[in-house]
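# Structure assessment
As a plain string of letters, each chain reads:
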Amino acid sequence: MFSALDLALEAGQLLRVMGANGVGKTSLLRILCGLRAPSQGAVLWSGSPIAKVREDFHQNLLYVGHLSGLKDDFSAIENLAGSSAIDGTDVDLANILQALDMLGVEHCSRIPVRHLSQGQKRRVTLARLLLAAERPLWILDEPFNALDVRAVALVEGLLTAHAAAGGTVVFTTHLEPSIDPIELTHLDLDRFATTVQ
Amino acid sequence: MRAFGAVLLRDLRLSMRRKGDVLNTLAFFIMVTSMFPLGVGADSQLLRTIAPGILWVAALLAAMLSFPRLFDSDFADGTLEQIALSGESLSILVLAKVTAHWITSGLTLALLAPLMGIQFGLEGNLLAVLCASLLLGSPVLSLIGAVAASLTLGVRGAGVLSALIVLPLFVPVLIFGAGAVTAADSGLGGDSHLLLLGAMLLVSVPLAPLATAAALRIALEHA
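Rules behind the numbers
Residues numbered from 1 in each chain as written. Chains lettered and ligands numbered in written order. Predicted model: local features only at pLDDT ≥ 70, side-chain atom pairs only at ≥ 80, totals over all residues. Helix = DSSP H or I, 4+ residues; strand = E, 2+ residues; numbered from the N terminus. Rg over C-alpha atoms; globule rule 2.2 N^0.38 Å. Contact = placed C-beta atoms within 7 Å. pLDDT = per-residue confidence, 0-100. Expected span 1.5 Å × (residues − 1). Bend = angle between axes of the 7 residues up to and from the residue. Buried ≥ 20, exposed ≤ 12 C-beta atoms within 10 Å, placed from the backbone. Pairing = 2+ DSSP bridges. Axes fitted to C-alpha atoms, helices over the stretch in contact; angles between N-to-C directions.

Quick look at the overall build of chain B now. If you tally the helices and strands in chain B, you get nine helices and zero strands. Along chain B, helices and strands appear, N-terminal first, in the series α-α-α-α-α-α-α-α-α. Since a compact globule built from 223 residues should have a radius of gyration of about 17 Å, the 18 Å found for chain B is in line with a globular shape. In terms of its C-alpha atoms, chain B occupies a principal-axis envelope of roughly 55 × 30 × 30 Å. Pairs at least 24 apart in sequence give 80% of the contacts found in chain B among residues at least 6 apart.

And the structure:
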């Protein structure tokens, strides 16, 4: 899909991966977080291949993909408590309620998420950003999908705040983000695309 | 270890929400084992002879019905990605998932089996051996089933394919499981069979999760 891509991520960097549909944005993100192995090349975390420092790397990583990671039968609170425990993040009910409140879905935090709208589910998923704020590296695949304008602005605020606090964010979006261009770096995958035979 | 507990609790709580899945497995087991006495007739000696095999095969098929739900929904909703990205080793978390699955399938079947055994005229001692053989053998079924479920994850026609993979592997468990009851009935005692089942369990507890984790990583690569 793409080749000759050399990318170094620094603390405080906010990177938007761009490119046409099918150019490999999602694949790149999945390679970066270790869900997929690159056919050639390597991904390094603090200088070591991620497979070698997998545990340490994953404790520093928050990945939010296309899929919600939510269980339809669980409420928002149960979902977030469960996923935080699996991630190994310490949270209590107050943290979760606060995060849901920030994202404007506290009022529906106790009903099974199957009854929520797409946008509300997305907000619940993105509440993980607040619960795992101390993880330096965020990799987000289309975080703004299904969100309304106000929620997009809110999440953009979270991303810039995370970068300002010394975190690193890699994300894709097909929306034109209203983030200050000075803070945002772009990676245009179209320039690295290889033609598929 | 905390993540192990988290996955285990989460899966158990999830099956409490979806009671239908668990009850289907049990209902299938009850129906199949009740059909045989009706079909074979009231020849008590014959029923007693075929009981261990039938109860074991029915338990095995009932367990097999439940394997697809082991990873399917986690794969579809993205939970599996999250589990794979947890700081904990994936095979440990697989073991947690298999344990939760066993509690809701194998364990309940093992506890229900003596009750069904009464229909076949098995009495006290044999019912105990039957229960013990299922308690030792059903975790092996769950562990092997997890390998097959992970290998066929996201594949079309996964149900039949995973049945074709697991059934041959279930043969040794079936032979020694049903054999334990038959041996106890003939007065030889089922201890040696039970010990062999225990040995199979000890081998599969560390190995099957490793194989399952490797297969899950492959499935996630192609997701």
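Next comes the rest of the description.
A separate point is the confidence of the model for chain A. Chain-level pLDDT for chain A is 89 on average; 98% of the residues reach the 70-or-more range. Per-element confidence in chain A is highest for strand β5 (residues 137-140) of chain A, whose mean pLDDT is 94, and lowest for strand β7 (residues 184-188) of chain A, whose mean pLDDT is 85.

Okay, helix α8 (residues 158-185) of chain B next. Residues and elements named next belong to chain B. Along its 28 residues, α8 runs 39 Å from first to last C-alpha, staying within 8% of the 40 Å computed at 1.5 Å per residue. At Phe170, α8 is bent by approximately 40 degrees, the largest bend along its length, and proline Pro172 sits one to four residues beyond. Every buried residue of α8 is accounted for by Ser162, Val166, Phe170, Val173, Phe176, Gly177, Ala178, Gly179, Ala180, Val181 and Ala184. Buried residues belonging to α8 abut α3 (44-66), α7 (124-151) and α9 (191-221).

Residue and element names in this part refer to chain A. In space, the five strands of this open sheet follow the order β4-β5-β6-β1-β7, with parallel pairing throughout. At either margin of the open sheet sits one strand with a lone partner, and together these are β4 (61-64) and β7. Geometrically, the sheet is characterised by an average inter-axis angle of 15 degrees between neighbouring strands, direction not taken into account. The pairing of strand β1 (residues 14-18) with strand β6 (residues 168-172) spans four bridges and is parallel. From the neighbouring strand, Leu14 faces β6, where its bridge partner is Val169. Against the sheet, helix α1 (residues 25-33) touches β1, β4, β5 and β6, its axis set at about 150 degrees to β6. Helix α5 (residues 118-131) rests against β4 and β5 of the sheet, and its axis sits at about 170 degrees to β4.

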